[in-house]
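Here are the chains, one letter per residue:
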Amino acid sequence: MWDEVHNTGGERRFFNLYYFLSDDCMEVIEIVPPNSGRDPFPSFVRRRKCPKDPNPSSITGSLCFQRGEQEYWKVSDLCIGTELVICGKRFKLYDCDTFTMEYLKENCGRTAAELQPIDVSVPKKEVPKPPVPPHNGFGDEEDSLRSWKQLALKCPVKDVRKFTESGNEMLKFSLVLLSGGQIDAMRRFVLTFYISDDTVSIFETVARNSGILGGRFLQRQKVKLGTGEYATAASFYVGATVEIGHRKFRVTSTDERSLAYMEHNSSTFHKSNINMIMMRFKSMFLSTPSGLRQELLKAYEEGPIDYTRLLKIVDDLGLPLVEQEVLTMMRYLNKGGTLGTYEELLAVLAVGEGEARDEAWEDVHAEWQQDVNFERSLTTDEQHRLNELHDGRAAQGMLRILQEYNKRRSLFQQELRIICDYAPDGCIGPKEFANAVTNKLKIDIDTKQLDQLCEKLFPPALRRVPYREMIRLIDDTSNYSHSTKTIARIRR
């Protein structure tokens, strides 16, 4: 190592020193790191005997041409930590290979402590990062941030895979304005959240004889909530209070399609996850301090408990169940908009008549480590009939697709190739395939048949298929067992 850190503009430069035992010659070759700006010169000191420098401050140093006996560097002089002056440059030995270490131990009497490597790494200086400037109001915040990070302006990178999988999926919610006066309380809004790119648009409805014109309130764009984070699909649910553009809104309702989508994707929308909701509700029901069981018994004396009455009981007790969770539970029970009878509720919760706990509901909930699936388990015969039903639907759907594929083979292959070209991994999945069949190719096929077909065509072990393998599956030339003719139950 040649250390010049103490000099202005100096740095540490690293070299490999080779000592030849046959003739006691030395060669020094510099280790040129990539992108260092230095030319990879063959050798810093070519193979030669290097005399010990009599004048270390001299530039020529070891290149003196005086005649007479000179003292040269020998192998016995080499050790970790030794400084060698070669050509007026001071080199420090900080490490060696295994052969050199063993040789110095056996022939030069060096100990293991003397041959320990020396740490010569230079600590990296932390360069302070400039703070991100605030948005100047022109364009989107992502565009302004890219103009600050890069000189060459580029469009923000979009998640093509998410766009392909989500398609035109959107969620709609009804909003009321909380901030403002009495007139603002009369205003009604419809918020649309687009799953494909996480954008939001708000439309204000027209109220007759109120002086409110209505129309577009917020154009489609990404929005930041009051917390400073961008709004996601899980940010909106019935009963949520959100702040958009320094105005507070409350989500009052949503449509059937949005509810079904959130329940189908319950791993993302926890407020629509029936397993999590029923686990918490059962914990509250069993816990005596929560008071939920006592209030439900009183309410049953007055008649069936509907959505409004259950929501009022939960709010009065201060239990952390939002409107979306209560609505999801009502939809799951499917008792005509009520909880059903008290006996039916006990059966659904799997709770005995006198079963109760004296702990707080949070402690009861913490004891249950595993999620409880509230769907009824199927017997072997029922499961066999269900599998036959699913296989039949998949076969009917595949026959319908194969008929159209034989007629429009080129169009099929073109659409599948486009999907794979736009996918980041170059593959096609069940959502993209279903979207291509229904929206691109316009094939009239039942939704249940298409869903079962995608489950068979894209098993859990192969959820993403490359383009060529997809064509081989359709043409029945693939090595996989789940080809199209197998699904369609066509004999080969």
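Being a predicted model, the structure only gives us computed values, none of them experimental. (Residues numbered from 1 in each chain as written. Predicted model: local features only at pLDDT ≥ 70, side-chain atom pairs only at ≥ 80, totals over all residues. Heavy atoms only, no water.)

### Description of the environment of V122
Worth spelling out the cut-off: We count a stretch as a helix when DSSP gives it H or I for four or more residues in a row; a strand needs E for two or more, and each element gets its number in order from the N terminus. The cut-offs for exposure are 20% and 50% of the maximum accessible area for each residue type, with area from a 1.4 Å probe on protein chains only; residues under the lower value are buried, those over the upper are exposed, and the others partly exposed.
By the element assignment, V122 lies in the loop between α1 (98-107) and α2 (141-149). Classification of V122 as exposed rests on a relative accessible area of 51%. Between the alpha carbons of V122 and E11 there is a distance of 9.5 Å; along the sequence they are 111 residues apart.

### Some points on the pattern of salt bridges
Rules: Salt bridge, as used here, is a side-chain nitrogen of Lys or Arg placed within 4 Å of a carboxyl oxygen of Asp or Glu.
A full pass over the atoms with the stated rule returns 27 salt bridges. Between D23 and R47 there is a salt bridge whose closest N-O contact spans 3.1 Å. On the criterion of sequence distance, the pair formed by D23 in the loop between β3 (15-20) and β4 (25-30) and R47 in strand β5 (residues 45-48) is long-range, its members being 24 residues apart. The class for D23 is partly exposed, based on a relative accessible area of 28%. Classification of R47 as partly exposed rests on a relative accessible area of 37%. With its nearest N and O atoms 3.0 Å apart, the salt bridge here joins K312 to D316. Here D316 and K312 lie together in helix α7 (residues 307-317), a separation of four residues that amounts to about one turn.

### Quick look at the nonpolar core
Put simply, the rule is: As used here, the term nonpolar core means buried Ala, Val, Leu, Ile, Met, Phe, Trp, Tyr and Cys residues forming a set that is joined through side-chain atoms within 4.5 Å. What makes two residues a contact is simply this: any of their non-hydrogen atoms within 4.5 Å.
I401, L416, I428, F433, L450, F458 and M470 are the most contacted members of the largest nonpolar core, which has 31 residues in total. When contributions to this core are tallied by element, the ones reaching two or more residues are α11 (380-407), α12 (409-422), α13 (430-440), α14 (447-457) and α15 (467-475). Sequence-distant contacts of I428, defined by excluding residues within four places in its chain, comprise L416, I419, C420, F433, F458, R463, R464, V465 and M470. Counting residues in hydrophobic clusters, the runner-up holds 29 residues, among them L292, A299, L321 and W361.

### Describing the sheet that holds strand β11 (residues 215-221)
Put simply, the test is: At least two bridges found by DSSP between two strands is the condition for calling them paired. To define axes, lines are fitted to C-alpha atoms, for helices over the stretch in contact only, and angles between the resulting N-to-C directions are given on a 0 to 180 degree scale.
Judged by pairing direction, the sheet is antiparallel, and its six strands sit side by side in the order β11-β10-β9-β8-β13-β12 without closing on themselves. Each end of this open sheet is capped by a strand with a single partner; those strands are β11 and β12 (241-244). Between one strand and the next, the sheet's axes are offset by a mean angle of 30 degrees, whatever the strand orientation. Across the sheet, helix α4 (residues 256-264) touches β8 (170-177) and β13 (247-254), and the angle it forms with β8 is around 120 degrees.

Purely spatial values, then, with no claim about function.
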